[in-house]
Amino acid sequence: MTDVTHSAHWGVFNARREDGRWRVRPHAGDPDPSPVLDNIPDALDHPARVAAPAVRRSWWENGPGPDDRRGTDEYVEVGWDEVLDRLAGELSRVRTDHGDAAIYGGSYGWASAGRFHHAQGQLHRFLAVTGGYTQSVNTYSGGAAEVILPRILGGFDAVTRYSVSWDQVAAHTDTVLAFGGMALKNSTVASGGVSRHVERGAMRSARARGTRFVLVSPLRPDLPDDVDAQWLPIEPGTDVALMLALMHEVVAAGRHDREFLATHCAGWETLEPYLASRTPEWAAVITGIDAATIRELAARLGTGRTLVTCAQSLQRAEHGEQPVWGGMALAAVLGQIGLPGGGFCYGLGSLGHYGRPRNAVPVPTLKRTPNPVREYIPVARVADMLLHPGEPYDYNGERRTYPHVRLAYWIGGNPFHHHQDLNRLRRAVGRLDTFVVHEPFWTATARHADVVLPSTTTLEREDIGASGSDPLLVAMKPLSAPVGGSRDDYAIFTELAERLGHAREFTEGRTAREWLGHLYLRTQKALVDRGDPAPDFDDFWAAGELELPPGPDDGGVLARFRADPEGHRLPTPSGLIEIASSTIAGFGYDDCPGHPAWLEPVERPDARHPLWLVANQPSTRLHSQLDFGAHSRGAKRGGREVLRMHPDDAAARGITDGDVVRMANDRGAALATARVTDEIRAGVVQLPTGAWWDPEPDGTCRHGNPNVVTRDAGSSKLAQGCTGQLCAVQLERFDGDPPPVRAHVPPPVTGPRRDGTA
């Protein structure tokens, strides 16, 4: 059997069927392939697959309406025609009775590296052509940064993905000051796929040339061991205090770039006096890093080429806008923004498509369909919307009102993994009339839905894998026919659109394969226009991949702005780097003032909950995808996620390595297995996200999902971003027999009754 070419967000791969099992090999051109590929062979036929359309019994028998039994009810299998007829009728009822804004399109977009079978694009296209929907803006990963960076520096992608490259770091950078680190587990992943993981090699090359790496994080593995980083184990959530103290020292020593501040920046006269009292001694009390170390670091930053990076994790917390703003301001004070390998880069190392040149030609993408409804919410405020319809909230300078959503339609995501305070989310979902999901597997989200439509995995579809900054265009060929009763999202929406009288608008008369050829034409034309090889679609598909030409690695908009601040003004209110913003100051937000500032968190450890929890991204899977896969499953202990803690904290609680522990606060509790290690700051525990929520009747997660205890509140009134990275908890050894983990076991599902009813 020949190899099948396919792609995932964490790597391009070839697959071959051997001895009744799929074997996966990473792409030959990938210098550092991701071990997450080992999760793929279990995906097609795992017992957690949704076998046929399933409907929650109470919804099927009693009709739509609020119901607290979501998450505990049994399911009934029904036929495709029957369930699509009922669902089309429910969509029409909600639109007629409550308006188009009463439907929430909740896809999050990470379901597939394929650009046509893109869950978010398919759902939003369907809802838009059938009337419109309430949508979300921003992401859980970067919500605070996505709002503040355009106000203070420029377009988000332009100043994050395409300003500083890994090649520049390897060639030019003398000091990398990494707030939150650059963990390789994060840069494994890129939306649309990544064919060449270059981050480890670039950091090694930089280190061999003499680059000094400084890691500011409570977790030592947030930079790879082989860069020999200086580790500053900071108190979680206090990075901005260190940034302010470093600026204070640079200014006090006269090493700040006065000319750059005068010609390229706005607001220095506002920030400078604020820095006067932010001494190393002041910061040492807050951060736990001694004043002498802060002074030594400040002196180092003033020599050579310095790159300040800020991991996505830092802004996924209370006042998450501040470390992004503070890191940028520190780089501006040093005068290095726009230099090759210098200045500031948000997110470098947090995703695999940062730090690479943009392709010289566009990649195939499904064009966004305009939404007739103007209503939206910040994505992480979904539970607030469902629990508080009609109530006002602040966002990005506006006073908005939560719409009253009656039906949520979710595909390509697992909010009962990635949202915060999962018990609160369960209460919020209970307020809906109807909750619909397309899902290949019985995730916790599927278990809370009224209608579960079995969708294919990426492994059962044809598609094109592509990213705007990865050079390989991939013909994603299916490994299998659709499993069981599953159908592609496109096929499901086509049938629903036909029932609603909008099939032509949704499909434009094309089959899925015809769409792939249509989308490919954009890339082919751009290649022709450049005079590059431009095979037709059939030749591309037969070859399996196509190398795309790279664009220039020239520093982009920030390098052009540095060279000519008048001729290449930034798209900020002043046209300059805004180290203080009169616009943001004018909003009057007490939790986001007009310049980077140290703000005390609302939640921090206390006598009842004395430990910080860091709930970061997992190393063994993408979010919660394929949690049952071999690589993810192999990292668990006793079937539970592993919680890391410092030996001092373990000894104080009588915990030894391998013990089952109970982590709790007033929002909930989770069981996990302890790993005792000195690679974490004392007073901090770390439990990655992604374990499928497996609640006991009281909401305690048997499996180890940290989002049962994280706080569901916005980063600030400015961005309303997710704050799931940090919270305060207590930890104790779990004595007795822990309950078995059943996260990957399907819920009770029965067939239809003999008389044709459920």
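Residues numbered from 1 in each chain as written. Predicted model: local features only at pLDDT ≥ 70, side-chain atom pairs only at ≥ 80, totals over all residues. Heavy atoms only, no water.

1. With respect to the sheet that holds strand E3 (residues 21–26)
(1) Moving on: Spatial strand order, E1-E2-E3: 3 strands in an open sheet with antiparallel pairing. Looking along the sheet, the strands with just one partner apiece sit at the ends: strand E1 (4–8) and E3. For this sheet, the mean angle separating the axes of adjacent strands, direction not counted, is 40°.
(2) Moving on: Alignment of E1 against strand E2 (residues 11–18), held across 5 bridges, turns out to be antiparallel. The residue bridging Ser7 from the neighbouring strand is Val12, located in E2. (Pairing = 2+ DSSP bridges. Helix = DSSP H or I, 4+ residues; strand = E, 2+ residues; numbered from the N terminus. Axes fitted to C-alpha atoms, helices over the stretch in contact; angles between N-to-C directions.)

2. What to know about the environment of Arg300
(1) Moving on: Note on placement: Arg300 falls in helix H13 (residues 291–301).
(2) Moving on: With a relative accessible area of 26%, Arg300 lands in the partly exposed category.
(3) Moving on: Placed 125 residues apart in sequence, Arg300 and Thr175 show a C-alpha to C-alpha distance of 8.0 Å.
(4) Moving on: Not counting residues within four places of it along the chain, the set of residues in contact with Arg300 comprises Asp174, Thr175 and Arg212.
(5) Moving on: Here Asp174 takes part through its backbone oxygen, which lies 3.1 Å from a polar atom of the side chain of Arg300.
(6) Moving on: A polar side-chain atom of Arg300 sits 2.7 Å from a polar atom in the side chain of Thr175. (Buried < 20%, exposed > 50% of the residue type's maximum accessible area, 1.4 Å probe, protein only. Contact = heavy atoms within 4.5 Å. Polar contact = N/O pair within 3.5 Å; in protein donor to acceptor, adjacent residues only side chain to side chain.)

3. Let's talk about the sheet that holds strand E20 (residues 463–465)
(1) Moving on: Strand order in the open sheet formed by 3 strands is E20-E21-E22, with antiparallel pairing between adjacent strands. A strand with exactly one partner marks an edge of an open sheet, and here the two such strands are E20 and strand E22 (545–547). Ignoring which end each strand starts from, the neighbouring axes of this sheet average 15° apart.
(2) Moving on: The pairing of strand E21 (residues 472–476) with E22 spans 3 bridges and is classified as antiparallel. In the strand pairing of E22, Leu473 is matched with Leu546.
(3) Moving on: Strands in contact with helix H22 (residues 512–530) are E20, E21 and E22; relative to E20, the strand with the most contacts, it is inclined by about 40°.

4. Side note on the packing of helix H2 (residues 80–98) against helix H20 (residues 489–499)
(1) Moving on: Axis separation between H2 and H20 bottoms out at 10 Å; the angle between their running directions is 55°. With respect to each other, H2 and H20 are oriented oblique. When you trace H2 past H20, the crossing you get is right-handed. Across the interface between the two elements, Trp80, Asp81, Leu84, Asp85, Leu87 and Ala88 of H2 pack against Ile492, Glu495, Leu496 and Arg499 of H20.
(2) Moving on: Here the residues of the contact of H2 with H20 sort into 6 nonpolar, no polar and 4 charged. (Parallel < 35°, antiparallel > 145°, perpendicular 65-115°, else oblique. Left-handed = near helix turned anticlockwise from the far one by under 90°. Nonpolar A, V, L, I, M, F, W, Y, C, P; charged D, E, K, R; others polar.)

5. Here's the deal with H13
(1) Moving on: Where H13 is concerned, the buried positions are Ala291, Thr293, Ile294, Leu297, Ala298 and Leu301. Along H13, the residues classed as buried sweep out an arc of 155° about the axis, all on the same side.
(2) Moving on: The N-cap residue of H13 is Asp290: its side-chain oxygen and the backbone nitrogen of Ala292 are 3.2 Å apart. (Arc of directions from axis to C-beta.)

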